[in-house]
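# Breakdown of the fold
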Amino acid sequence: MFKQKRQIILFIIIYIFSYLLNTFFFIDFNKIKAEDSIDSTNLVAVLVDKNIYNSLSSEIQRYSTQYIQKEISNSKAIVLQIDTQKLQAQDILKILENMYFD
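### Re the side chain of S75
For S75, the position within the fold is in strand 2 (residues 75–82). In terms of polar contacts, S75 uses its side chain to reach the backbone carbonyl oxygen of I72, at 2.7 Å. In contact with S75, not counting residues within four places along its chain, are T41, N42, V44, I68 and Q69.

Take a look at the structure:
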């Protein structure tokens, strides 16, 4: 019984000693720094049918620049005129992916 108690106490002492060594001896606190934040621009695509854009172009441009870019920080609004009769969802997805990765 006494031998087990000594072993447990020895184990706890070794554990605490190794923890302290690991925390204060092996870590160089002068070299630890947080990663710099990356400034990125949020891209907002406004998809508008060509027929609607022709009649409301000034309102759409005003909405994209004055409202969207003000409400969403670090954003750039791009108005894309699309032909809804010819383009399908997969085509629009490809366009948006190309804009995102470029």
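Here the narrative resumes, following the displayed structure.
### Overview of the side chain of D49
Within the element layout of this structure, D49 appears in strand 1 (residues 42–49). The side chain of D49 sits in the buried core without any salt bridge; K50 is the nearest counter-charge, 8.3 Å away. Contact partners of D49, with chain neighbours within four places excluded, come to I82, D83 and T84.

### Thoughts on unusual backbone geometry
Look at N74: it is not a glycine, yet its phi comes out positive at around 50 degrees. Within the element layout of this structure, N74 appears in the loop between helix 2 (50–71) and strand 2.

### A closer look at the nonpolar core
If you look at the biggest cluster of nonpolar residues, it comprises eight residues: V44, V46, V48, Y53, I60, I68, A77 and V79. Residues in contact with I60, not counting those within four places in the same chain, are V48, Y53 and V79.

### Considerations on the pairing of strand 1
Sheet topology places strand 1 next to strand 2; eight bridges connect them, and they run parallel. Looking at the pairing, V48 lines up with Q81 of strand 2. Handedness of the β-α-β unit built from strand 1, helix 2 and strand 2 comes out right-handed.

### Let's talk about helix 2
With 22 residues, helix 2 extends just 25 Å between its outermost C-alpha atoms, more than 12% less than the 32 Å of an ideal straight helix rising 1.5 Å per residue. Its maximal kink placed at L56, helix 2 deviates by approximately 90 degrees. Along helix 2, the residues classified as buried are Y53, I60, S64 and I68.

### What to know about the packing of aromatic side chains
Under the criterion given, the structure shown has two aromatic pairs. Ring centres 5.4 Å apart and planes at 20 degrees place the aromatic pair Y63 and Y67 in the stacked group. Here Y63 pairs with Y67, and both are found in helix 2, just four residues apart, close to one helical turn. Judged by its relative accessible area of 41%, Y63 falls in the partly exposed class. Look at Y67 and you get partly exposed, because its relative accessible area is 45%. Consider the rings of Y100 and F101, whose centres lie 5.0 Å apart with planes at 80 degrees: the pair is edge-to-face. Among the residues examined, F101 registers a relative accessible area of 63% and is labelled exposed.

Definitions and cut-offs
- Residues numbered from 1 in each chain as written.
- Predicted model: local features only at pLDDT ≥ 70, side-chain atom pairs only at ≥ 80, totals over all residues.
- Heavy atoms only, no water.
- Helix = DSSP H or I, 4+ residues; strand = E, 2+ residues; numbered from the N terminus.
- Polar contact = N/O pair within 3.5 Å; in protein donor to acceptor, adjacent residues only side chain to side chain.
- Contact = heavy atoms within 4.5 Å.
- Buried < 20%, exposed > 50% of the residue type's maximum accessible area, 1.4 Å probe, protein only.
- Lys, Arg positive; Asp, Glu negative; His and termini not counted.
- Salt bridge = Lys/Arg side-chain N within 4 Å of Asp/Glu carboxyl O.
- Core = buried A, V, L, I, M, F, W, Y, C linked by side-chain atoms within 4.5 Å.
- Pairing = 2+ DSSP bridges.
- Right-handed = clockwise from strand over helix to strand, strands pointing away.
- Expected span 1.5 Å × (residues − 1).
- Bend = angle between axes of the 7 residues up to and from the residue.
- Phe/Tyr/Trp six-rings, centres within 6.5 Å; stacked < 30°, edge-to-face > 60°.

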